[in-house]
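Okay, here's what each chain looks like letter by letter:
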Amino acid sequence: QVQLVESGGGLVQAGGSLRLSCAASGSIFRFNTMGWYRQAPGKQRELVATMTNGGSTNYADSVKGRFTISRDNAEKMVYLQMNSLKLEDTAVYYCHFSHLTSATNYWGKGTLVTVSS
């Protein structure tokens, strides 16, 4: 089992920045991917950004150039730096973890990001 705890959400004005953090604990093996998904009201959960333990990244087109994912493998942390926030970035952001050799997905409880005009 893997436990994930997010922090860093909040209210920010459009054009502003926020940094999300996620701490992982439990049975974590070397080859894995950590990342962020989000779900806006009335919409499906969507990928924001992911990063493997080796540093390979994947970003949604809507956040490329504005958001940056990073991780600290030793500390079992993943971060999401969000710049130039837009109203449409408002959503609950979920931390995600999976081992590359397993189909099991682990999720945090989510942190709310609200972008105001």
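Above this text is the structure in question.
Residues numbered from 1 in each chain as written. Predicted model: local features only at pLDDT ≥ 70, side-chain atom pairs only at ≥ 80, totals over all residues. Heavy atoms only, no water.

Side note on the packing of aromatic side chains
- Using the criterion set out here, one finds two aromatic pairs in the structure.
- Ring geometry for Tyr37 versus Trp107: centroids 5.1 Å apart, planes at 75 degrees, classification edge-to-face. Note that Tyr37 is positioned in strand 4 (residues 32–39) and Trp107 in strand 10 (residues 106–107), a separation of 70 residues in sequence.
- Of the residues examined, Tyr37 reaches a relative accessible area of 19% and is grouped as buried.
- Here the guanidinium or amino end of Arg45 rests over the ring plane of Tyr94, the centre of that ring lying 3.7 Å away.
- The ring of Trp107 has Arg45 lying over it, and the distance from NZ or CZ to the ring centre is 4.6 Å. (Phe/Tyr/Trp six-rings, centres within 6.5 Å; stacked < 30°, edge-to-face > 60°. Helix = DSSP H or I, 4+ residues; strand = E, 2+ residues; numbered from the N terminus. Buried < 20%, exposed > 50% of the residue type's maximum accessible area, 1.4 Å probe, protein only. Lys NZ or Arg CZ within 6 Å of the ring centre and 35° of its normal.)

Brief notes about the sheet that holds strand 3 (residues 18–26)
- In space, the four strands of this open sheet follow the order 1-3-8-7, with antiparallel pairing throughout. Of all strands in the sheet, those with a lone pairing partner are strand 1 (2–7) and strand 7 (67–72), marking the two edges. Averaged over all pairs of adjacent strands, the angle between strand axes in this sheet comes to 15 degrees, irrespective of strand direction.
- Pairing analysis gives six bridges linking strand 1 to strand 3, with the strands arranged antiparallel. (Pairing = 2+ DSSP bridges. Axes fitted to C-alpha atoms, helices over the stretch in contact; angles between N-to-C directions.)

Quick notes on the pattern of salt bridges
- Counted by the stated rule, this structure contains four salt bridges.
- Across the pair Arg38 and Asp89 runs a salt bridge, and its minimum N-O distance is 2.9 Å. Placement of Arg38 in strand 4 and of Asp89 in the loop between strand 8 (77–82) and strand 9 (91–99) is noted, with a sequence separation of 51 residues between them.
- Judged by its relative accessible area of 6%, Arg38 falls in the buried class.
- In this structure, Arg66 and Asp89 form a salt bridge, with 2.7 Å as the shortest nitrogen-oxygen distance. (Salt bridge = Lys/Arg side-chain N within 4 Å of Asp/Glu carboxyl O.)

Considering unusual backbone geometry
- Phi at Lys76 takes a positive value of approximately 55 degrees, unusual for a residue other than glycine.
- Overall, the relative accessible area of 33% leaves Lys76 in the partly exposed class.

A look at the state of the cysteines
- Applying the stated criterion to the full structure yields one disulfide.
- In this model Cys22 forms its disulfide with Cys95; the gap between the sulfur atoms is 2.0 Å. Classification of the bridge connecting Cys22 and Cys95 rests on its S-S torsion, roughly -85 degrees, and on that basis the disulfide is left-handed. Pair noted here: Cys22 is in strand 3 and Cys95 is in strand 9, with a separation of 73 residues, a long-range link. (Disulfide = S-S within 2.5 Å.)

As for the nonpolar core
- Judged by nonpolar contacts, the single largest core of 29 residues is most densely connected at Leu4, Trp36, Leu80, Met82 and Tyr93.
- At the level of secondary structure, the elements contributing two or more residues to this core comprise strand 1, strand 3, strand 4, strand 5 (46–52), strand 7, strand 8, strand 9 and strand 11 (111–116).
- Ignoring sequence-local partners within four residues, the contact set of Leu80 consists of Leu18, Arg19, Leu20, Trp36, Val48, Ala49, Phe67, Thr68, Ile69 and Tyr93. (Core = buried A, V, L, I, M, F, W, Y, C linked by side-chain atoms within 4.5 Å. Contact = heavy atoms within 4.5 Å.)

Comments concerning the environment of His96
- Assignment of secondary structure puts His96 in strand 9.
- For His96, a relative accessible area of 5% gives the class buried.
- Considering only alpha carbons, one finds His96 and Gly35, 61 residues apart in sequence, at a separation of 5.1 Å.
- Of the polar contacts made by the side chain of His96, one reaches the side chain of Asn105; its length is 2.7 Å. (Polar contact = N/O pair within 3.5 Å; in protein donor to acceptor, adjacent residues only side chain to side chain.)

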